[in-house]
Amino acid sequence: MNALNIEGLTKTFGGEKALDEVSLCVAAGEIHGLIGRNGSGKSTLIKVLSGFHAPDACRSFSVADRHVEFPIPPGGSAGLGLTFVHQDLGLIPSLSILENLRIGRYQAKSLGRVRWSDERATVASQLREFGIDASVDSLIGKIPPVERALIAITRALSDTRRHQGGVLILDEPTSFLPKDGVARLFEGMKRVASEGLGVVFVSHRLDEVRGITDRISVLRDGQMVGTVDSSNVEEDELIEMMLGRRTEQSYPSVEGEFGDTLLSVDSLSGSHIDGLSFKVRKGEILGLTGLAGMGHEQVVQLIFGAIKAASGTIEIDGTVCQLTDMTPSRAIELGIGLLPADRLVASGVGSLTIGENVSLPVLNSFFKGGRLRANTEYDHVETVLKSLDVRPPRPDRTLNSLSGGNQQKTLLGKWLQRGPKVMLLDEPSQGVDIGARGEIFTRIRNMAIDGGAVVLASTDYGDLAHVCDRVLVFRYGKVVAEATGEALAEDRLVELSYSSGAGKDQQTFAP
C-alpha cells in the first residue's frame, strides 16, 4: 500500500511554475527524504498538501490508497490522514503540554463536560511512548527544544492514528536540535514508520537524510528530477542532482592573509558569558562554537547591543566603547553589522517587501528635497539582489514569499551594502541549501579579503572548519579551546565541543 501518491502536480505563481508536473510516491512504513535547493518547490508542495495552496492541476492524488480531490479545504488535511510538523513546531509556549496536545481534540462526556482525568492519562501515555520525562502541566516554553519537537510529533502522530494509514510530514525538524536531540527525534520517526504510516522528512542536512531514510526524492527548479535508494547514493551525487551540475568546491578558499587588529573585545560579561576577551584581525574570519547553551551564540548579540552586557569594552578600528552602553544604533555607527539566526523575527520583517527590508539601513540616501526617490530605491535594491543571486530579484515581493536561502542572502545583502568593518553572524547557514550556502560564504570571505573582520557563531562544525581561520570553543560561558590550521577540522571541533575544558585551562590546537 502507498501512504501517499501524487502524479502530475503543477502550481504557478505570477506566470512562474513553482511546481511543474511533480510526482511523488511514499510507501506505507517508509521514511522518505525530500531535498532540494531553497526555491526548488519543497515548501510549495507542503503548502499544497496542507491546503494552504490549491494546485493548478494534478492528474492523481491519494492518501493510503484513498483517492483525494483538490483543493483541500483549510484544516482538511488532518481529516485525510496528512499531518505536519513544521520548523516552528506550531506549539504555543504559554500553554501546557496537555493543552497543546489536546486543544481541539478534547473528548467531551455528558453535558459537554471534559473528563480531565482521562485527558491527563491520555497525554501521560503519549509522553511515555516517546520517552518524554515531563509533567503534562509543564509549559511548552519551559522545556528543552528536543522535547518540544517530540511533543509536536506526538500530536501529529495522534492525529494520523485516527485513520487507516496516512503520512507524517516533517519540515526541517532538526534545524534547532543538538546531535543527541536529533537521535531521539529519529527514534520517534522510526516508531511512526513501524506502525505502517509513511514519513516524509524534509531537510538540508544530507548526512541526516541519507542516514534515516529509505529513499530520497530530489526537487530542482520545481521539477522532480529523481528518486534514489538512500543506501546506494553518495552525498556528492545528491548535490549534483540538486544543483544540476557538479560542484568541486562548496566553500570559498581560505586566503589566510591578515592585517592589524580591527576588533578587540575585553572582559565581556553578560547573559551566559563570563570575562571573555579576544581579538579579530583585518581579513580574518573568527568562529565561535560549543554545545547548545554554552554561550557562544550570545557573544554577537552582546557585542551588537541586542543583549545588554554587564561589563566589558570593545575597540574597533581605534575607537573604544563600553559594552554596557552599547546599542544597535551605536554599533551600526561604529561599522558593525549583525545577521541574527532568526530570519523573520530578529533579522527581517516577513510581511514587508524585500525592498523595504533591504533599503531600511540606507533609506536616507534615497531622499532628495525631502521626497523619497522610489525608482532609485527600487533599482538599488534590485542590484543588491542580483549581486547575491536572489531568486527572483523582485524588490516588490514580500520577504516571507522567498525560500529560506533567498531570505538569508537578501538579509546579508542588507548589511553588506553598508560596507561594515565588522560583520557578526549567528548560524548563517541554518536552513540553507548547499548552493546558497556556498554563495553566502563566498560573500563573507570576500568581505574579509577586502579588509573587514567577521565573527561567525555556529554549531555547524563542517562550516566552521571550512570557512573560518580560527575557532574558539565555549563551555559554560568561557573559551576552553582554540583551533587553527590543520587542527581546524570538523571531527576535532566536535571532540572539543563535547569534551574539552573539563577542569582544564584554555587549550590551543594548531599544527
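This is a predicted model, so every value here is computed, not measured. (Residues numbered from 1 in each chain as written. Predicted model: local features only at pLDDT ≥ 70, side-chain atom pairs only at ≥ 80, totals over all residues. Heavy atoms only, no water.)

## Details of the overall build of the protein chain
The test is simple: A run of H or I in DSSP becomes a helix once it reaches four residues, and a run of E becomes a strand once it reaches two; helices and strands are each numbered from the N terminus. Radius of gyration here is computed from C-alpha atoms only, and the compact-globule reference equals 2.2 Å multiplied by the residue count raised to the power 0.38. Buried means the residue's accessible area, taken with a 1.4 Å probe over protein chains only, is under 20% of the maximum for its type, while exposed means over 50%, and partly exposed covers the values in between. Whether two residues are in contact is decided by their heavy atoms, any of which lying within 4.5 Å being enough.
A count of helical and extended segments in the protein chain gives 17 helices and 23 strands. A compact globule built from 511 residues would reach a C-alpha radius of gyration of about 24 Å, and the protein chain, at 24 Å, matches this within 12%. Its C-alpha atoms give the protein chain principal-axis dimensions of roughly 70 × 55 × 50 Å. Counting across all 511 residues of the protein chain, residues that qualify as buried make up 53%. Sequence separation of 24 or more characterises 66% of the internal contacts of the protein chain that already satisfy a separation of 6 or more.

## Observations regarding the sheet that holds strand 9 (residues 215-220)
The line we're drawing: In this analysis, strands are considered paired if DSSP registers two or more bridges between them. Whenever a helix is involved, its axis is fitted only over the stretch in contact; in every case the axis is a line through C-alpha atoms, and angles between N-to-C directions fall within 0 to 180 degrees.
One open sheet holds the six strands; their spatial order is 6-7-8-3-9-10, and the pairing between them is mixed. This sheet does not close on itself; its edge strands, each paired only once, are strand 6 (82-85) and strand 10 (223-229). Each neighbouring strand pair of the sheet contributes to a mean axis angle of 20 degrees, computed without reference to strand direction. Direction of pairing for strand 3 (residues 31-36) relative to strand 9: parallel, over a ladder of five bridges.

## Some details on the pairing of strand 2 (residues 16-27)
Of the strand pairs in this sheet, strand 1 (residues 2-13) and strand 2 are connected by eight bridges, and their pairing is antiparallel. Considered in strand 2, the bridge of Leu9 is made with Val22. Counted along the chain from strand 1 to the antiparallel partner strand 2, the turn is two residues long, and its residue Gly14 has a positive phi close to 55 degrees.

## Concerning helix 1 (residues 42-50)
In terms of burial, helix 1 is a largely internal element, seven of the nine residues being buried. Phi turns positive, to about 90 degrees, at Gly51, one or two residues after helix 1.

## Describing the nonpolar core
A general feature of soluble globular proteins is that nonpolar side chains tend to end up buried together. Quick note on the threshold: In these notes, a set of buried Ala, Val, Leu, Ile, Met, Phe, Trp, Tyr and Cys residues joined through side-chain atoms within 4.5 Å is what counts as a nonpolar core.
If you look at the biggest cluster of nonpolar residues, it comprises 73 residues, and the most contacted ones within it are Leu268, Phe278 and Ile336. Top contributing element to this core by residue count: helix 15 (residues 434-449), with six residues. When near neighbours in sequence (up to four residues on either side) are disregarded, Leu268 contacts Ile273, Asp274, Gly275, Leu276, Val299, Leu302, Ile303, Ala309, Ser311, Gly312 and Leu323. Residues Leu127, Val146, Ile153 and Ile212 belong to the second largest nonpolar core, which totals 46 residues.

## Topic: the sheet that holds strand 5 (residues 66-67)
Strand order in this open sheet of four strands is 2-1-4-5, and the pairing throughout is antiparallel. A single partner strand is all that each edge strand has here, and the edge strands are strand 2 and strand 5.

## Section: empty space enclosed by the protein
For clarity, the threshold we go by: Two kinds of site are reported from a 1 Å grid over the protein atoms alone, namely cavities, where a 1.4 Å probe fits but cannot get out, and pockets, open sets with protein on both sides within 12 Å along at least five of seven lines, and residues are called lining when an atom falls within 4 Å of a point. Grid points are joined across faces, edges and corners, and a volume is the space filled by probe spheres set on the points.
By the definition in use, this model includes two cavities of 30 Å³ or more. When its volume is computed, the largest cavity comes out at roughly 40 Å³. For the largest cavity, the full set of lining residues is Leu4, Leu24, Leu34, Leu45, Ile46, Leu49, Ile169, Val200 and Val202. Looking at the lining of the largest cavity, the elements that each hand over two or more residues are helix 1 and strand 8 (198-202).

## Comments concerning the confidence of the model for the protein chain
Where the model shows low pLDDT, its predicted coordinates should not be examined in detail. Defined as follows: Scored between 0 and 100, pLDDT is the confidence that the predictor attaches to each residue.
Put simply, the protein chain has an average pLDDT of 86, and 91% of its residues get 70 or more. Within the protein chain, strand 23 (residues 507-509) has the poorest average pLDDT of any element, 60, and strand 14 (residues 311-316) the best, 97.

## Overview of the side chain of Thr10
Positionally, Thr10 belongs in strand 1. What makes Thr10 buried here is its relative accessible area of 9%. Ignoring anything within four residues of it in the chain, the contact list for Thr10 reads Lys17, Leu19, Asp20, Glu21, Pro55, Asp56 and Ala57.

## A short note on unusual backbone geometry
A cis geometry characterises the amide bond from Phe70 onward to Pro71, with omega recorded as 0 degrees. Residue position: Pro71 is located in the loop between strand 5 and helix 2 (77-80). Between Arg391 and Pro392 the backbone carries a cis peptide bond, its omega angle lying at -10 degrees. As for its placement among the helices and strands, Pro392 is situated in the loop between helix 13 (374-387) and helix 14 (404-416). With a phi close to 55 degrees, Asp317 is a non-glycine residue in the positive phi region.

## Structural notes on the packing of aromatic side chains
Quick note on the threshold: Classification of ring pairs uses Phe, Tyr and Trp, with its six-membered ring standing for Trp, and accepts pairs whose centres are within 6.5 Å; under 30 degrees between planes counts as stacked, over 60 as edge-to-face, and the remaining range as tilted.
A complete count under the given rule lists three aromatic pairs for this structure. Their ring planes at 10 degrees and their centres at 4.6 Å tell us that Phe61 and Phe70 sit as a pair that is stacked. Taking relative accessible area as the criterion, Phe61 reaches 1% and is therefore assigned buried.

## Comments concerning the layout of surface pockets
To keep things clear, this is the line we draw: Following the grouping adopted for this structure description, the nonpolar residues are Ala, Val, Leu, Ile, Met, Phe, Trp, Tyr, Cys and Pro, the charged ones are Asp, Glu, Lys and Arg, and the polar ones are all others, Gly among them.
Counted as a void, the second largest pocket has a volume near 300 Å³. Lining the second largest pocket are 18 residues; nearest its centre among them are Ala346, Ser347, Leu360, Lys414 and Trp415. Of all the elements in the fold, those that place two or more residues in the lining of the second largest pocket are helix 9 (296-304), helix 11 (343-347), helix 12 (354-359) and helix 14. Residues of the lining of the second largest pocket, tallied by class, amount to 11 nonpolar, four polar and three charged.

## Looking at helix 15
Counted only if it meets this: By definition here, a helix of n residues has an expected span of 1.5 Å times n minus one.
Its 16 residues place the ends of helix 15 22 Å apart at the C-alpha level, agreeing with the 22 Å of an ideal helix rising 1.5 Å per residue. Within two residues after helix 15, Gly451 carries a phi angle of roughly 105 degrees, on the positive side.

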